[in-house]
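Residue strings, one per chain:
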Amino acid sequence: MKKFFKVIIKSSNWRCQTMIRNLLQAGVYIAAAASGLTDVTDDSVSDVIDSAAEATTEAAQEVNQFVQFVQDNIPNLIGFGIKVILALVFFFLGGKIIKWLRKIVHRSFERTNVDAGVVQFVDSMLKFGLYALLIFMIATNFGIESSSIAALIASAGVAVGLALQGSLSNFAGGILILLLKPFAVGDYIIVTQEGIEGTVKEIQIFYTKLATVDNQTVVVPNSILTSNSLTNVTARPERQLDLKVGIDYDSDLKEAKKLIEDMLYSDPSVIQDEEIKVFVDSLGDSAVMIGLRAWVKTEEYWATRWRLTEQIKLTFDEAGIEIPYNHITVHMKADEKNGAKSQDLF
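Residues numbered from 1 in each chain as written. Predicted model: local features only at pLDDT ≥ 70, side-chain atom pairs only at ≥ 80, totals over all residues. Heavy atoms only, no water.

**Student:** Go over the overall build of the protein, please, and point to the residues and values.
**Tutor:** Of regular secondary structure, the protein possesses eight helices and ten strands. For the protein, the proportion of its 346 residues judged to be buried stands at 22%. Within the protein, contacts between residues at least 6 apart in sequence are counted, and of these 61% link residues at least 24 apart. Accessible area for the protein stands at about 23,800 Å²; split by element, carbon and sulfur atoms hold 61% of it. (Helix = DSSP H or I, 4+ residues; strand = E, 2+ residues; numbered from the N terminus. Buried < 20%, exposed > 50% of the residue type's maximum accessible area, 1.4 Å probe, protein only. Contact = heavy atoms within 4.5 Å. Areas by Shrake-Rupley, 256 points an atom, 1.4 Å probe, with all protein chains shown as cover.)

This is the structure we're talking about:
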């Protein structure tokens, strides 16, 4: 087959050179006639044709070299193409198998009622490890020595470890979160130093995702959660409601306390089995501060707090109990005949 291609290439090159020589010869004569030159000799024409023939020969040789290279490496190119196709097929099938294994692990965790944060963390680790193993197997299939890959990973690991110190601390923080369990998926946490708060949605290898009350997603590095003190608001099923309200010194204190007690004992969200307190918290500059404490379910905390605050204001208005507020008395100086005038600005 190779000899056949060589014969065709040689014959085609000879024909092309002959055709180009004839065309150049005719072109030189036509150009000379058009420019009015009469001293054009066969030697000058031959020189032009020879230079053009040399250029054509060089181009033909380059084409021949390329064709020869393709002919010599056709088996290698075909083999490489087959390896690429097999690698793509292997990667596709490997991805399907990895998804299947992740589903099996996830279902097994669900049967044993494992914490959702642990499930998410293990799933992320499993996905990362299995895909790394898949890529390693595909690389060895291309003829790369496993020892070379191991050496490359070892040498690159040091550089990557230095460059990704923050990511490694986040990874360590994720492991600490799973072991110590300061919070779980679904808890509402507050990181006071960083001004971060929200409901935990996912605990991943490097980051934890929070959802704020206005449904924004906050991605927090795990190292921040483990290196700062945080408040887990929903760690307990019950939460104490603590409110304070001020009444005027001239108002009936006992009546105000009785009204608040009636509200608490009649509210369906207040846990009646727990202690309910209504007390005088302090004597302020312009109000007697009444405090109340009661226990509610954690998920009903804010709704109960807002409802009781509004109910206290409406009930005090109906009973004629005044809730004082700050006001300023301004004395306006008039002329000597009219004397001084005063006006309260609220």
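**Student:** For helix H7 (residues 253-266), give the residues involved together with the corresponding values.
**Tutor:** In this model, H7 (14 residues) spans 20 Å end to end at C-alpha, consistent with the 20 Å of a helix rising 1.5 Å per residue. Of the surrounding elements, those touching the buried residues of H7 are strand E6 (238-247), strand E7 (277-283), strand E8 (288-297) and helix H8 (301-319). Backbone nitrogen of lysine 254 and a side-chain oxygen of the N-cap are separated by 3.2 Å at the start of H7; the cap is aspartate 252. (Expected span 1.5 Å × (residues − 1). Polar contact = N/O pair within 3.5 Å; in protein donor to acceptor, adjacent residues only side chain to side chain.)

**Student:** Give me the lowdown on the packing of H7 against H8, citing residues and values where you can.
**Tutor:** Viewed as axis vectors pointing N to C, H7 and H8 meet at an angle of 140°, and their least axial separation amounts to 11 Å. The angle between H7 and H8 places the two elements in the oblique class. For the pair H7 and H8, the crossing hand works out as right-handed. For the pair formed by H7 and H8, the contact residues are Ala256, Leu259, Ile260, Met263 and Leu264 on the first element and Leu308, Gln311, Ile312, Thr315, Phe316 and Ala319 on the second. A per-class count over the contact of H7 with H8 returns nine nonpolar, two polar and no charged. (Axes fitted to C-alpha atoms, helices over the stretch in contact; angles between N-to-C directions. Parallel < 35°, antiparallel > 145°, perpendicular 65-115°, else oblique. Left-handed = near helix turned anticlockwise from the far one by under 90°. Nonpolar A, V, L, I, M, F, W, Y, C, P; charged D, E, K, R; others polar.)

**Student:** Lay out the confidence of the model for the protein with the relevant residues and their values.
**Tutor:** Keep in mind that low pLDDT regions are not for reading the predicted coordinates in detail. Across the protein, pLDDT averages 76, with 67% of residues at or above 70. Contacts of residues 1-12 to residues separated by more than four positions or lying in other chains number seven contacts, the stretch itself having pLDDT below 50. (pLDDT = per-residue confidence, 0-100.)

**Student:** Help me get a handle on the sheet that holds E7, residues and values and all.
**Tutor:** Pairing between sheet strands relies on hydrogen bonds along the backbone, with the strands arranged either parallel or antiparallel. Taken together, three strands build an open sheet; the order of strands is E6-E8-E7 and the sheet is antiparallel. Of all the strands in the sheet, the pair left with one neighbour each is E6 and E7. On average, adjacent strands in this sheet sit at an angle of 25° to one another, irrespective of strand direction. Inspection of the sheet shows E6 paired to E8 by ten bridges, in the antiparallel sense. Looking at the pairing, valine 245 lines up with isoleucine 290 of E8. Along the sheet, H7 makes contact with E6, E7 and E8, crossing E8 at roughly 10°. Running at roughly 25° to E6, H8 makes contact with E6 and E8 of the sheet. (Pairing = 2+ DSSP bridges.)

**Student:** Pulling in residues and values, what's your account of the environment of isoleucine 312?
**Tutor:** Secondary-structure assignment places isoleucine 312 in helix H8. Residue class for isoleucine 312 comes out buried when judged on its relative accessible area of 6%. Those residues in contact with isoleucine 312 that lie beyond four places of it in its chain are Val245, Met263 and Leu292.

**Student:** Describe the pattern of salt bridges, naming the residues involved and giving the relevant values.
**Tutor:** Counted according to the given criterion, the structure contains seven salt bridges. Notably, a salt bridge pairs aspartate 242 with arginine 293, separated by 3.6 Å at the nearest N-O pair. Pair noted here: aspartate 242 is in strand E6 and arginine 293 is in strand E8, with a separation of 51 residues, a long-range link. On the basis of relative accessible area, aspartate 242 is assigned to the partly exposed category, the value being 31%. Linking aspartate 267 and arginine 307 is a salt bridge whose minimum nitrogen-to-oxygen distance equals 2.9 Å. Residue aspartate 267 is found in the loop between H7 and E7, and its partner arginine 307 is found in helix H8; the two are separated by 40 residues along the sequence. You can call aspartate 267 buried: its relative accessible area is 6%. By relative accessible area, which is 32% here, arginine 307 ends up partly exposed. (Salt bridge = Lys/Arg side-chain N within 4 Å of Asp/Glu carboxyl O.)

**Student:** Run through the packing of aromatic side chains, naming residues and quoting values.
**Tutor:** Any pair of aromatic rings gets described here by the distance separating the centres and the angle formed by the planes. Tallied over the full model, the rule gives three aromatic pairs. Considering the side-chain rings of phenylalanine 91 and tyrosine 131, the 6.2 Å spacing of their centres and the 45° angle between planes classify their relative orientation as tilted. Separated by 40 residues along the polypeptide, phenylalanine 91 in helix H2 (residues 42-111) and tyrosine 131 in helix H3 (residues 116-141) bring together distant segments of the chain. With a centroid separation of 5.8 Å and an interplanar angle of 35°, the aromatic rings of tryptophan 302 and tryptophan 306 are classed as tilted. Note that tryptophan 302 and tryptophan 306 are positioned in helix H8 at a spacing of four residues, about one turn of the helix. Residue classification places tryptophan 306 among the exposed positions, given a relative accessible area of 58%. Three or more aromatic residues joined by ring pairs form one cluster here, namely Tyr301, Trp302 and Trp306. If you follow arginine 239 out to its NZ or CZ, it ends over the ring of tyrosine 301, 3.7 Å from the centre. (Phe/Tyr/Trp six-rings, centres within 6.5 Å; stacked < 30°, edge-to-face > 60°. Lys NZ or Arg CZ within 6 Å of the ring centre and 35° of its normal.)

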